[in-house]
Structure formats: structure tokens, C-alpha cells
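Here is how the chains run, residue by residue.
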Amino acid sequence: MGSDDRHGVPHTRREETGVEENRRFLMAGETGNIPGSYYYGETDDYAKPTEAGKKGGCHVKIGVIGMFHETNSFAPGRTERHHFLNEWVAGTQSYRERYENTRTSMGGVIDGAKELQAELIAGAYVAATPSGMVTAECFEELAGEVLRSIPEGVDGLIVILHGAMVSEACRDVEGELLRRVRDRVGRELPIAITLDLHANISPQMVEHADILIGYDTYPHVDAYERAVEATRLLGRMIRSEIRPVHAYKHSRLLVAPQAMVTHEGFMKELMEAAFELEKDRRVLNVTVAGGFPYSDVEDAGLTFVVTTDNDPAWAGQCAEKLCRLAQERREEFAVEGYPAEESIRQAIRLEAKGPVILIEGSDNVGGGAPGDATHLLRHLLDTPAKSLMVICDAEAVGLALRAGVGGSFEAAVGGKSDSFHGDPVPVRGKVRLLFDGKYRHIGSYMTGQWADMGRTAVIETRNVTLVLTEQRVAPWDPGHVASIGLNPADFDLIAVKSAVAWQTAFGSYAAGTVQVDTPGCCGFNLRHFTYQYLQRPIYPLDSEI
């Protein structure tokens, strides 16, 4: 969020001081302020203008780096270096070639720098599809590459992060990376970070960032706008127009992604309350991070970060207000659903004039799930309704390739990752189409971004059109079915391996929805998970918070 972007509220310019900088980290309990809150930043008595600010902002140079992964601690398998190779971009030219004119965080930084008439110098940006635990070796390799790529001689730095990356050796990956960045560039260089709405924001992340901007939307359709906002605020800090200070508050609430939809329900009201606070001249940004409950880390859960222009007390009051609102209405985050077979019956009973979306969030690819769960597929094969499902199974794709277009297909599909997500299901049908799996986003989510499903086969079996992919692919964009000649409007039921983000692909077609409650590493019943590191007590796992 940002008052500059949403409300047009001007910010007062602070006079520069020449007093030596001293960044502060204060626990509220030590200062008599709000219990459980943390304050970060500089105040008038300690602030020091940046070199660019002293120069009047002439020829400002902004660096950008990033490391982006949403880690599911409960997902099968491990995430290694090779999983990041599809989006490993280093150097300004490569960065611009890949991201210019895209509605991504990276594209937002490019356009934000243009707006500031600043020179943008890119280091390394690496990203991978959400998946299981990142190996210790992978984290160290990635962190090393990113740190070594930090451009020299810049006036400010933007770091693009997710906020829920976890490795075997470090549970707060982003916080640790930012600590290492600070060690490398020093305490004086202004740093802005962007975060996903599902970030599990830790005190360490807030401590080492001057500006922290999280997405406002789920489905995430504002990554570009938030990156532009972060770049604008960084520019203002470089010019010594603002002195950002933060207040951080953890709600002690663990929320399932299905309850974080920002255009409806209580989450919408919570975001609107944050927007209202941003109308205040003192407030630079309010970030509401729903958190990612499938990362087993100490700080998982719903958090708030309020950034003001040199007013830590007001930041703390705003964060506390939002936190109390969330706690008072925590029961509104509850999610209910139906078992697989019953969910199909419920969908058919709707008698909808268009596709009904079966939301199999427990196998949410965007949350790190394997994308090969068969609990729903097993029953979908028996329904008379015309149905569509995308499922990851590289082995089955290989068999389809050998059969060729028009050939007969017979294989056990899905259930290859582990038994938790179901057993393989026998499928017999015909190969309708084969495709290399590459397409570009054409919808509202990260428009222009490239995606790769791996080699892809479309199988017709009974009343089901089954799309088999080599790579896990989340239904974030209509291109993942349009690229293979499928029209969502032609189906009665569409099964999606997603919690909420399916809306950017199928939302305009949906005539109804049914939540499916099946086993999986992204299930919405959080009591089914055994947490080892999550700080307790926390709702809904504990009755008292």
C-alpha cells in the first residue's frame, strides 16, 4: 500500500541534520510503549543525510537484487539449485530483456527507476516455483551469488523477496539474507524490500530494511505497483525527504490462504482499515501480511508493519489498532469444505450456467504442493459432468509422447510424489494434443511473465479432459489452458490445484465454487499439521492467545 499511490496525500519534508547515524532497534517492553511491538529506524536526533541527498539527487544510482521462493515445510522433496535455473537473471541487460514491460515486481523496479530518472543497476535475481525445504547448500550458494552481485557505488538498493523462504539450516532466510546484505553495504545505504502477501515477516527482516512494502492483493495482481511504490519511497529517502521508521506487530493468528482473499470477507475489511490509516500524512506505508502457514518457522502468521515518516509512536499505535481488529474477529478466518466425492455432488447440485470450480487447495502448487494429488481425480473420472483437471506427472507425459497425437493412452496417473497426496489412478483415453509447455502470461497476474509447464499432453478420458505436465504449474494465468487450445467455458467442472490464485485464470468464467477438503500439504485445516518451530500459543491451534 502507499499513500502516494492510493490517496495522493503529500508528505512533509524533514530538515536534514548532520548528526552521526545510529539505527535503533527498540522493544516496546523496554520503552513503556505497546507490549509485543517492535520499532525500527532513525529519528531526528540520529538521522544522517545520504550522499545522494547531499548532492541534491543528481545522477542517482539504484541497485536491485532478489531471491524469491515460498517454502512449504510439509511438502515432499527438497528444493535445490537447479530448481532456480529457469529464473536466474544476472546483470542489467539480462534483467531488462527479461522483465521490461512486464507487470512484475522486477518490471515495477525498472519503471520506478525511470520515473525517478535514476540509473538502475541489476545484480542477481533468482526465483523458483513454491516447493519443499530449500537445502542448506542451495541457500548458501544462492545467497553467495546474490551478495556478490550487489552493485557498487549505488545510492540505494531494492531487494525483491517473498518472505516465506526456509532452508534446512536457516528458518528465516530473508532475515538472514538482509543481515548479510547490511554487513556488506553498511548501515547507511538506504534499502527497500518488496514482499509477497504471504510473507512470514520476522523482526530481523524489519530491522535491516529501511522501507518494507508488501503486496495488497490476493490473488496477487499488484506486484508491479508495489515495486513502483518501493522505488519511489527509496528515491525520497535517498533525497533525504523522508526518514522511514517502522512498527512491527504479530497478531498470533495463523490463517489459511483461502481466508486471505482481499476482495471479499474479513480480509477485505482488514485491508480497507489499513488503507484508511494510510490517509494520514505521517504514514508512508501499511503492510498487512497474511503469512504462510505451511512454513514451520517461529514467526509464521498474520503480521503488520506500519512505516511512518519519523513518527515511531504513531506507527506503533496504527499497528496495534490493526492487530486488535484481527484478533477480535479471528473466527471470521475459518474455512469449511467437503470431502472429494461430496464436493463433486455439491458442484453438480448447483446446476450452474457455467463452470463450477472445485478448489483443491490441499494440492496448491502455488503453496509448494506437488500438483499430483489424486483424491479428487479418482472420483472425477466417474462423474457425468464434463470436467477439466491439470495434473503434474512427467512419467505419464512420456507415455503420451510415445503414443503420439491420436494414439491410445493407458497409465497410472498422479500420486507419484508421496502417499499423503493419494495413490496413482488408472486412466485410459486418447492423446488429443502434445505441446512444449511454454507460454506467456496474458492475464492480470504478472502480465508478460514467461511460464513453463514442461512437455504437456492433453488426454481425453470419459468426460474428463486431463492435462498432464512435466513441471508443476499453478493456475495463475488463463494462458496455461488457452495455450493448449482449451476454453474454460466449455466445461461443467474445473478442478484447480490452488487455494485462491486460480481466480486470475478462471475467475471470469466461474459460475460457482466448492471448497474441497482433501489430505495434502496445503490443507486449510491447520490442526492437521504438526509444527516443530512455530511460536506458541497461536490461534486456531491454541484456544487462548
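Please refer to the structure higher up on the page.
Given the structure is predicted, the values throughout are model-derived calculations rather than measurements.

Asker: How should the sheet that holds strand S13 (residues 387–392) be read in this particular structure?
Answerer: The strands making up a sheet associate through hydrogen bonds between their backbones, and the pairing can be parallel or antiparallel. What the eight strands build is an open sheet, ordered S14-S15-S18-S19-S13-S20-S12-S21; its pairing is mixed. The sheet terminates laterally at strand S14 (408–413) and strand S21 (512–515), the two strands that pair on one side only. Neighbour to neighbour, the strand axes of the sheet diverge by 30° on average, direction disregarded. Of the pairings in the sheet, the one linking strand S12 (residues 356–359) to S21 comprises four bridges and is parallel in character. Paired with Ile-357 across the two strands is Thr-513, which belongs to S21.

Asker: Where do I start with the pairing of strand S15 (residues 425–435) in this structure?
Answerer: Side-chain positions along a regular strand alternate between the two faces of the sheet. In this structure, S14 lies alongside S15, joined through six bridges in antiparallel fashion. Following the sheet pairing, Ala-412 is matched in S15 by Pro-426. In this structure, S15 lies alongside strand S18 (residues 456–461), joined through five bridges in antiparallel fashion. Across the sheet, residue Phe-435 finds its bridge partner in S18, namely Thr-456.

Asker: Would you take a moment to explain the sheet that holds strand S4 (residues 88–90) for this structure?
Answerer: Pairing is mixed across the open sheet formed by six strands, whose spatial order is S4-S5-S3-S6-S7-S8. Strand pairing shows two members of the sheet lacking a second neighbour, S4 and strand S8 (211–214), which therefore form its edges. For this sheet, the mean inter-axis angle between neighbouring strands, taken without regard to orientation, is 15°. With six bridges connecting them, strand S3 (residues 61–68) and strand S6 (residues 156–161) associate as parallel partners. Bridge assignment links Gly-63 to a residue of S6, and that residue is Leu-157.

Asker: Would you mind going over helix H10 (residues 265–277) with me for this structure?
Answerer: An α-helical turn contains 3.6 residues, so a residue and the one three or four places further along point in the same direction. Given a rise of 1.5 Å per residue, 13 residues ought to cover 18 Å, and the 19 Å separating the end C-alpha atoms of H10 matches this to within 8%. Residues of H10 that are buried include every one of Phe-266, Met-267, Leu-270, Met-271, Ala-274, Phe-275 and Leu-277, and no others.

Asker: So what exactly am I meant to see when it comes to the packing of helix H6 (residues 136–148) against helix H7 (residues 173–185) here?
Answerer: Helix-helix packing is characterised by the crossing angle of the two axes and by the distance between the axes. One way to put it is that H6 packs onto H7 with a least axis distance of 11 Å and a crossing angle of 35°. Note on packing geometry: the crossing formed by H6 with H7 is right-handed. Seen from H6, the contacting residues are Phe-139, Glu-140, Ala-143, Leu-147 and Arg-148; seen from H7, they are Val-173, Glu-176, Leu-177, Arg-180, Val-181 and Arg-184. In terms of residue class, the contact of H6 with H7 is made up of six nonpolar, no polar and five charged.

Asker: Where do I start with the pattern of salt bridges in this structure?
Answerer: Pairs may arise between side chains of opposite charge once their charged atoms sit close together. Applying the stated criterion across every chain yields a total of 37 salt bridges. Where salt bridges share partners, they join Glu-140, Glu-176, Arg-179, Arg-180 and Asp-183 into one cluster.

Asker: Would you explain the side chain of Asp-372 in this entry?
Answerer: By secondary structure assignment, the location of Asp-372 is in the loop between S12 and helix H13 (375–380). There is a polar contact of 2.9 Å between the side chain of Asp-372 and the side chain of Ser-417. Beyond its immediate sequence surroundings of up to four residues, Asp-372 is in contact with Asp-363, Ile-391, Cys-392, Gly-414, Gly-415, Lys-416, Ser-417 and His-421.

Asker: Whenever I open this one, unusual backbone geometry confuses me. Can you help?
Answerer: Negative phi is the rule for most residues except glycine; trans is the rule for most peptide bonds. Cis rather than trans, the peptide bond between Tyr-218 and Pro-219 has omega equal to 5°. With respect to the helices and strands, the residue Pro-219 is situated in the loop between S8 and helix H9 (223–238). Located in the positive-phi region is Asn-101, a residue other than glycine, with phi close to 65°. Locating Asn-101 in the fold gives a position in the loop between helix H4 (92–99) and helix H5 (105–116). Taking the relative accessible area as the measure of exposure, Asn-101 reaches 69% and is therefore exposed.

Asker: Can you help me understand the side chain of Thr-217 in this one?
Answerer: Mapping Thr-217 onto the fold places it in the loop between S8 and H9. A polar contact is formed between the side chain of Thr-217 and the backbone oxygen of Pro-219, at a distance of 3.2 Å. At 2.6 Å, the side chain of Thr-217 and the side chain of Asp-222 are in polar contact. Apart from the residues within four sequence positions on either side, Thr-217 is in contact with Leu-197, Asp-222 and Thr-262.

Asker: Before we go on, may I ask you to explain the packing of aromatic side chains in this structure?
Answerer: Think of a pair of aromatic rings as described by two things: how far the centres are apart, and how the planes are tilted against each other in angle. Per the counting criterion, the structure on display carries eight aromatic pairs. Ring centres 4.9 Å apart and planes at 50° place the aromatic pair Phe-74 and Phe-529 in the tilted group. Pair noted here: Phe-74 is in the loop between S3 and S4 and Phe-529 is in the segment after S21, with a separation of 455 residues, a long-range link. Plain terms: the ring middles of Phe-266 and Phe-333 are 5.2 Å apart, the flat faces sit at 65° to each other, and that makes the pair edge-to-face. In this pair, Phe-266 sits in helix H10 while Phe-333 sits in the loop between helix H11 (312–328) and helix H12 (340–349), placing the two residues 67 residues apart along the sequence. There is no split in this pair, since Phe-266 and Phe-333 are both buried. An aromatic cluster of three or more residues is present, and its members are Phe-74, Phe-292, Tyr-294, Phe-529 and Tyr-531. Above the face of the Tyr-533 ring, Arg-171 is positioned so that its terminal group lies 3.9 Å from the ring centre.

Asker: Please clarify how H6 should be interpreted in this entry.
Answerer: Relative to the 18 Å expected for 13 residues at 1.5 Å per residue, H6 spans 18 Å between its end C-alpha atoms, a close match to the ideal helical length. Listed as buried for H6 are Cys-138, Phe-139, Leu-142, Ala-143, Gly-144, Val-146 and Leu-147. Considering only its buried residues, H6 is in contact with S3, S4, strand S5 (119–127) and H7.

Calculation notes
Residues numbered from 1 in each chain as written. Predicted model: local features only at pLDDT ≥ 70, side-chain atom pairs only at ≥ 80, totals over all residues. Heavy atoms only, no water. Pairing = 2+ DSSP bridges. Helix = DSSP H or I, 4+ residues; strand = E, 2+ residues; numbered from the N terminus. Axes fitted to C-alpha atoms, helices over the stretch in contact; angles between N-to-C directions. Expected span 1.5 Å × (residues − 1). Buried < 20%, exposed > 50% of the residue type's maximum accessible area, 1.4 Å probe, protein only. Left-handed = near helix turned anticlockwise from the far one by under 90°. Contact = heavy atoms within 4.5 Å. Nonpolar A, V, L, I, M, F, W, Y, C, P; charged D, E, K, R; others polar. Salt bridge = Lys/Arg side-chain N within 4 Å of Asp/Glu carboxyl O. Polar contact = N/O pair within 3.5 Å; in protein donor to acceptor, adjacent residues only side chain to side chain. Phe/Tyr/Trp six-rings, centres within 6.5 Å; stacked < 30°, edge-to-face > 60°. Lys NZ or Arg CZ within 6 Å of the ring centre and 35° of its normal.

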